[in-house]
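Commentary on secondary and tertiary structure
Each chain, written out:
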Amino acid sequence: PPAPSLGGTAAFSSARNGGLAVNKGSEWGTSLAALALELGITDRGTCTGHLEDALIPAAYESCSVFSLPSTREGFGLAAIEAWRHAKPIVVSDRAGVSELAEDGVNGDICDCNDPEALALCHGDLLSDPARATPQGAAGSTTIDGATVPSARRTPKHAVHMPYTPGRHQGPN
């Protein structure tokens, strides 16, 4: 089997020319490629930059774990796309999608300001497919239930989220 791989965000789905905003894919891709070169790990990954829509599903399918450690991503649609492909996710405790994630159930939620904790979250999922695979499947189930009709049937679940101390402490 292929070696476990880590998929990231922005490089997959941002607009080629930036659309109304910054071209995150090129910006992130350039930064990550430079960091990989500096660390001497260019053989361990690929920074794709912008991908045409037809190639995005293959990018999700080829990764073992999807990562969104962002403090600036409003919601994190890319993590939902990864769940659509039954991939486990690692998300920031400050990303909007962490409201749908259940730590250790359908993904891992990490303190994005703690590099060691973030590395452990990724390493644990990459090295333990018996843990990662059920999380990806649970993520797929999560999005199947996240529809407007289901929120209408059970509005309490659409608005009630348990308080977790230390989460969502504001922007960095």
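Predicted, not measured: the structure shown is a model, and the values here were computed from it.

Turning next to the overall build of the protein chain. A tally of regular secondary structure across the protein chain gives 7 helices and 4 strands. Buried positions account for 34% of the 172 residues belonging to the protein chain. In the protein chain, 56% of the contacts between residues at least 6 apart in sequence involve partners at least 24 apart. Carbon and sulfur atoms form 59% of the exposed surface of the protein chain, whose accessible area is close to 10,200 Å².

Glancing now at the state of the cysteines. Here the structure, examined in full by the defined rule, presents 1 disulfide. Note on cysteine connectivity: Cys110 is disulfide-linked to Cys121, with sulfurs 1.9 Å apart. Its S-S torsion of about -120° marks the bond between Cys110 and Cys121 as left-handed, since a negative value means left-handed. Linking Cys110 in strand E4 (residues 108-110) with Cys121 in helix H4 (residues 115-127), this pair joins segments that are 11 residues apart in sequence.

As a further point, take the pairing of strand E3 (residues 89-92). Remark: a regular strand shows side chains that alternate across the two faces of the sheet. Every second residue of E3 is oriented toward a common face, with Ile89 and Val91 on one face and Val90 and Ser92 on the other, all of them buried. Where strand E2 (residues 65-68) lies against E3, 3 bridges are found, and the strand directions are parallel. Each residue of the ladder has a partner; that of Leu68, found in E3, is Val91. In the classification by handedness, the crossover that spans E2, the intervening helix H3 (residues 77-84) and the parallel E3 is right-handed. Direction of pairing for E3 relative to E4: parallel, over a ladder of 3 bridges. The residue of E4 that forms the bridge with Val90 is Asp108.

For the structure on display, the rule yields 4 salt bridges. The residue Arg84 makes a salt bridge to Asp144 at a minimum N-O spacing of 3.2 Å. Taken as a pair, Arg84 in helix H3 and Asp144 in helix H5 (residues 129-145) lie far apart in primary sequence, 60 residues in all.

Looking at the protein chain, the pLDDT average stands at 76 and 69% of residues meet or exceed 70. Taken as a whole, residues 155-163 scores under 50 in pLDDT and shows 2 contacts with residues more than four places along the chain or in a different chain. Under a pLDDT of 50 for its full length, residues 167-172 has, in the predicted model, 15 contacts with residues more than four places off or in other chains.

With that settled, the discussion passes to H5. Relative to the 24 Å expected for 17 residues at 1.5 Å per residue, H5 spans 24 Å between its end C-alpha atoms, a close match to the ideal helical length. Every buried residue of H5 is listed here: Ala132, Gln135, Gly136, Gly139, Ser140, Thr142 and Ile143. Down the axis of H5, the buried set is contained in an arc of 155°. They therefore lie on one face. Facing away from the buried side of H5 by more than 90 degrees, the exposed set consists of Ala130, Thr133 and Thr141. Buried residues in H5 make contact with H3, E3, E4 and H4.

What follows is about the nonpolar core. Phe66, Ala79, Ile89, Val91 and Val97 are the most contacted members of the largest nonpolar core, which totals 18 residues. Leaving out residues up to four positions away in the same chain, Ile89 has contacts with Phe66, Ala79, Ala82, Trp83, Asn106, Gly107, Asp108, Leu125 and Gln135. Of all hydrophobic cores here, the second largest spans 7 residues; its members include Cys110, Leu118, Leu125 and Ala132.

When we look at burial in H3, the residues that qualify are Ala78, Ala79, Ile80, Ala82 and Trp83. Against helix H2 (56-62), E2, E3 and H5 lie the buried residues of H3. Remark: Ala86 follows H3 within two positions and exhibits a positive phi of approximately 60°.

Scoring rules and cut-offs
Residues numbered from 1 in each chain as written. Predicted model: local features only at pLDDT ≥ 70, side-chain atom pairs only at ≥ 80, totals over all residues. Heavy atoms only, no water. Helix = DSSP H or I, 4+ residues; strand = E, 2+ residues; numbered from the N terminus. Buried < 20%, exposed > 50% of the residue type's maximum accessible area, 1.4 Å probe, protein only. Contact = heavy atoms within 4.5 Å. Areas by Shrake-Rupley, 256 points an atom, 1.4 Å probe, with all protein chains shown as cover. Disulfide = S-S within 2.5 Å. Pairing = 2+ DSSP bridges. Right-handed = clockwise from strand over helix to strand, strands pointing away. Salt bridge = Lys/Arg side-chain N within 4 Å of Asp/Glu carboxyl O. pLDDT = per-residue confidence, 0-100. Expected span 1.5 Å × (residues − 1). Arc of directions from axis to C-beta. Core = buried A, V, L, I, M, F, W, Y, C linked by side-chain atoms within 4.5 Å.

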